[in-house]
Amino acid sequence: MRQNLLLLLIFGTLFLFIWSMTGNKSISVEGSSKRQKLPNEVNFNFHVKPILSDKCFVCHGPDVGTRKAGLRLDIEKVAKAELKENPGKFAIVPGDVEKSELVSRIFSDDENIVMPAPESNLKLSDEEKEILKKWVEQGAKYAPHWAFSPPEKPDHFPKVENEPWVNNEIDYFILNRIEEVGLELSEKAPDTKLIRRLSLDLTGLPPTPEELEKFTQNNGAFSYEDLIDFYLAKPAYGEQMTREWLDVARYADSHGYQDDSYRTMWPWRDWVIHAFNENMPYDQFLTWQLAGDLLTNATKEQILATGFNRNHPITQEGGVIDEEYRFTYVSDRTNTLGKGVLGVTLECAKCHDHKYDPFSQKEYYGMYAFFNNVNEKGLQMDAVQAKNQKYYADAPYIKIDDADLTGILSFINKTDTVPVNVMVMNDSTIRDTHLLSRGNYDAPSDLVSASTPAAIMKFPEDYPKNRMGLAMWLTDSKNPLTARVFVNRLWAMIFGQGIVLTTENFGAQGSLPTHPDLLDWLAVDFMEHNWDIKYILKKMVTSATYQQSSVITPDMKKADPENIYLARGPRFRLGAEVIRDYVLTTSGLLNDEIGGPSVKPYQPPGLWEETNAGGNRGILTKYIPDSGDKLYRRSLYTFWKRTLPPPSMAIFDAPNRDLCEVRRQKTNTPLQALALQNDVQVLEGARVLASKINEKKLDDVEALKTIFTSILLRDPTENELGVLTEYHKSYLEKFMSDTEDAEQLISVGQFSESISDPAGTAALMMVAQVLYNLDETITKE
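Parameters and conventions
Residues numbered from 1 in each chain as written. Predicted model: local features only at pLDDT ≥ 70, side-chain atom pairs only at ≥ 80, totals over all residues. Heavy atoms only, no water. Core = buried A, V, L, I, M, F, W, Y, C linked by side-chain atoms within 4.5 Å. Buried < 20%, exposed > 50% of the residue type's maximum accessible area, 1.4 Å probe, protein only. Helix = DSSP H or I, 4+ residues; strand = E, 2+ residues; numbered from the N terminus. Contact = heavy atoms within 4.5 Å. Expected span 1.5 Å × (residues − 1). Polar contact = N/O pair within 3.5 Å; in protein donor to acceptor, adjacent residues only side chain to side chain. Domains from an automatic or database assignment. Phe/Tyr/Trp six-rings, centres within 6.5 Å; stacked < 30°, edge-to-face > 60°. Lys NZ or Arg CZ within 6 Å of the ring centre and 35° of its normal. Salt bridge = Lys/Arg side-chain N within 4 Å of Asp/Glu carboxyl O.

> Which residues make up the nonpolar core, and what values do they have?
Ranked by size, the top nonpolar core spans 174 residues in total, and within it Trp 245, Trp 268 and Trp 271 carry the most contacts. Here this core takes 11 residues from helix H31 (residues 758-772), the largest share from any one element. Here Trp 245 is in contact with Trp 268, Val 272, Phe 276, Tyr 282, Phe 285, Leu 286, Gln 289, Phe 308 and Arg 489, once residues within four sequence places are set aside. Listed in part, the 24 residues of the second largest apolar core include Phe 44, Ala 91, Ile 92 and Leu 124.

This is how it looks when you write it as structure tokens:
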């Protein structure tokens with residue numbers, strides 16, 4: 001019987017594969033290899049610096065450890081000075097390619113003098129050589145790195161010919177580029193597609209049938225703007241935004257490392273949901289998380305917010321060297337700030353000066369100093385487990401109990417698990433900070449005081465040299481990165497890729513912005529409107545750019561396969577959590593309770609035991625799934641064990657959260673199809689939906705239309721209905737002749753219900769399963 005069931009699933013997978021081969025596929029958004037023609041005027045930041053950073057700075061850049069011939073090409077004065085090892089010669093003579101050693105050497109055929117040197121394994125393309133030559137011809141003008149200059153709003157919007165198409169300011173910048181390259185705009189997406197897109201973007205959930213009906217058949221009673229406001233006001237909005245932030249904050253429900261035991265940080269997660277739903281300004285959102293404990297008369301909520309800085313992995317293994325691991329924790333906070341908030345790779349300056357960006361090792365430890373005063377040791381345990389352990393006694397945490405839950409922390413659900421202890425920040429131990437030679441915890445050298453990289457923004461003298469001063473520096477309107485980085489991340493969330501594709505890296509090795517003036521306009525507009533997150537999101541989704549159809553024409557595919565110019569709407573696969581939540585919502589299983597301790601839905605048995613360090617260490621040695629409504633909570637609340645994240649989500653590129661993660665990788669693998677075809681949660685959702693529809697006693701055609709519309713939120717075409725009819729008929733005949741197989745199939749999952757027609761339900765379940773596996777179902781378009 002089990003073999004028969006397996007054959008059914010395999011047949012379904014084959015059917016899905018054949019059908020999906022005829023549909024639209026997701027388009028890769030990674031870097032383009034298309035060759036560009038030489039620009040009329042060479043721009044240092046956009047044409048020259050990427051070449052120097054990639055091919056030259058390793059030997060002639062900021063890092064003194066790898067620098068050769070005493071030449072630095074990252075500093076204009078040094079690059080244009082007389083060569084120390086070759087008197088009378090100059091690497092760059094502005095306007096004179098004949099006297100510029102840089103030009104002669106990159107074009108040389110002599111292996112002894114050609115640059116880059118053969119042993120570097122780096123090579124310039126012909127196009128790159130010509131760009132550098134033309135740059136020297138035009139005067140070899142340098143400019144500060146684009147991302148390290150404060151953003152400014154352009155004096156005027158770009159000129160466009162098709163101005164009636166424009167909905168708001170965003171569209172001027174997008175349309176100008178589209179018209180420049182000669183692409184055709186896409187028509188507006190159908191209402192049902194647009195509502196689905198908007199709901200998925202702003203809440204992480206598909207719209208309900210009632211919402212679709214309300215906003216598509218309203219006779220003008222509700223506008224598109226009303227729809228946006230409706231979704232921004234839903235509690236699910238805060239959960240969707242939190243889903244993105246948990247990767248940045250490296251949130252997990254376990255400590256990590258070998259033992260990977262339990263921790264209670266979920267109250268901090270619930271605070272984040274609350275903050276987003278309250279539309280807390282982003283500058284305040286950052287300030288509370290970085291330095292809430294340093295606010296005057298700090299409340300318990302403000303202190304709880306600082307759990308952001310304690311989300312890093314912590315070891316509980318005996319025999320570790322305390323200072324080695326404490327150094328790791330402080331470094332983690334420093335690196336997370338760099339990657340998650342500033343969008344730069346500060347960690348590359350931990351052991352030596354940064355090889356590509358103007359950050360010295362001393363400046364790295366200046367940032368490190370802001371986080372170096374926490375009263376902690378390398379060996380720690382969760383306060384709940386270790387309240388009797390002397391090595392945890394002084395570590396900072398707050399206790400949350402039932403009084404709290406009816407007062408200032410009322411946004412936290414009252415559960416049987418309180419009181420709980422949550423790790424937070426507290427600068428109760430003042431330490432000297434030293435530059436650590438080669439990044440070794442036991443090799444201190446010069447004393448360093450708290451400071452910030454001068455290339456980004458000099459630390460104001462009147463700011464306190466603590467985490468509060470750091471928060472003030474980050475949210476200063478003159479800081480060139482904070483607002484840019486965040487609005488770019490919001491843009492990536494909505495459009496599938498950032499204006500800067502490398503959302504985690506705005507430095508020299510990161511991508512250049514596709515629409516730099518638009519990025520600057522958004523960043524300044526964001527700050528001018530009090531760092532209002534809902535405001536800037538509404539601006540994005542109100543644009544005509546966002547509302548375009550995502551259908552790709554042959555001309556578009558040829559001219560702009562990656563949708564860089566945005567002549568069509570966004571189309572990309574849903575996130576790991578959203579795919580599971582989509583099934584729960586459309587099947588009617590979703591438990592929409594907000595907050596509370598993390599839950600354990602279905603998971604293949606034995607995985608925790610396989611990855612456990614051995615013995616009965618901690619309470620996370622065996623995975624025991626929850627039961628009842630807890631199985632159907634949003635994926636945001638799924639228990640996150642660092643050494644083994646939820647496997648159904650890991651398959652869809654969810655990180656393990658050992659480190660700050662800003663941009664998830666995007667893969668397409670056979671395992672993903674197999675997971676959707678065999679995951680208990682998907683099969684159970686298909687069964688519950690099929691049972692509901694089958695109980696309505698509809699004729700076969702109406703039943704198929706209903707199940708199709710319930711999942712895909714649109715009516716099927718005649719061709720699609722014909723294919724499903726044949727598919728359904730074949731299974732209905734099989735299950736009617738073999739009710740044992742039907743009963744075996746519909747027994748999947750814990751959701752209990754009385755099914756009067758096993759064969760009819762099983763046949764519709766197979767249809768639902770196929771529909772849940774379609775590209776269209778798991779794709780935002």
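Additional details are given in the paragraphs that follow.
> So what's going on with unusual backbone geometry? Residues and values would help.
With an omega of -5°, the peptide bond between Met 115 and Pro 116 qualifies as cis. Considering the arrangement of structural elements, one finds Pro 116 in the loop between helix H5 (101-106) and helix H6 (126-137). Phi angles above zero are rare outside glycine, and Asn 563 is one such case at about 60°. Along the chain, Asn 563 turns up in the loop between helix H22 (554-559) and strand S5 (572-573).

> Break down helix H23 (residues 576-587) for me, citing the residues and quoting the values.
Within an α-helix, residues lying three or four positions from one another point in the same direction, as the helix has 3.6 residues per turn. Helix length check: H23, at 12 residues, gives a terminal C-alpha distance of 18 Å against a target of 16 Å (1.5 Å per residue), a fit within 8%. With 12 of its 12 residues buried, H23 lies for the most part within the structure. Taken as a whole, H23 has its buried residues at Ala 576, Glu 577, Val 578, Ile 579, Arg 580, Asp 581, Tyr 582, Val 583, Leu 584, Thr 585, Thr 586 and Ser 587. Positive backbone phi, approximately 85°, marks Gly 588, located one or two places after H23.

> An account of the environment of Gln 548 is needed here, citing residue identities and associated values.
Topologically, Gln 548 is positioned in the loop between helix H21 (533-542) and H22. Taking relative accessible area as the criterion, Gln 548 reaches 1% and is therefore assigned buried. As a C-alpha pair, Gln 548 and Glu 323 span 225 residues in sequence and 55 Å in three-dimensional space. Polar side-chain contacts of Gln 548 include one of 3.1 Å to the backbone nitrogen of Ser 186. Polar contacts involving the side chain of Gln 548 include one to the main-chain carbonyl oxygen of Leu 566, which spans 2.9 Å.

> Which residues make up the domain arrangement of the chain, and what are the values?
Assigned domains within the chain: domain 1 (2-139), domain 2 (191-233), domain 3 (236-474) and domain 4 (678-780). Here the C-alpha centroids of domain 3 and domain 4 sit 48 Å apart.

> Can you explain the packing of aromatic side chains? Please cite residues and give values.
Scanning all chains against the criterion turns up 40 aromatic pairs. Where Phe 148 meets Phe 359, the ring centres are 5.8 Å apart and the plane angle is 45°; that geometry is what we call tilted. Taken together, the positions of Phe 148 in the loop between H6 and helix H7 (169-181) and Phe 359 in the loop between helix H15 (322-342) and helix H16 (361-368) put the pair 211 residues apart, joining distant regions of the chain. Here the aromatic residues Trp 245, Tyr 251, Trp 268, Trp 271, Phe 276, Tyr 282, Phe 285, Trp 288, Phe 308, Phe 486, Phe 526 and Trp 531 are joined through ring pairs into a cluster of three or more. Across the ring face of Phe 107, the terminal group of Lys 133 is positioned such that the distance to the ring centre comes to 5.9 Å. One Lys or Arg, Arg 633, reaches over the ring of Tyr 637 and ends 4.2 Å from the middle of that ring.

> Could you give an account of the pattern of salt bridges, naming the residues involved and the relevant values?
Tallied over the full model, the rule gives 39 salt bridges. The residue Lys 193 makes a salt bridge to Glu 776 at a minimum N-O spacing of 3.3 Å. You can see Lys 193 sitting in helix H8 (residues 191-203) and its partner Glu 776 sitting in the loop between H31 and strand S6 (779-780), a full 583 residues away along the chain. By relative accessible area, which is 22% here, Lys 193 ends up partly exposed. A salt bridge links Glu 577 to Arg 657; the nearest nitrogen and oxygen atoms lie 3.9 Å apart. Note that Glu 577 is positioned in helix H23 and Arg 657 in the loop between helix H25 (647-650) and helix H26 (670-678), a separation of 80 residues in sequence. Judged by its relative accessible area of 3%, Arg 657 is buried. It is possible to trace a salt-bridge network through shared partners that takes in Lys 193, Arg 571, Arg 714, Glu 720, Glu 776 and Glu 781.

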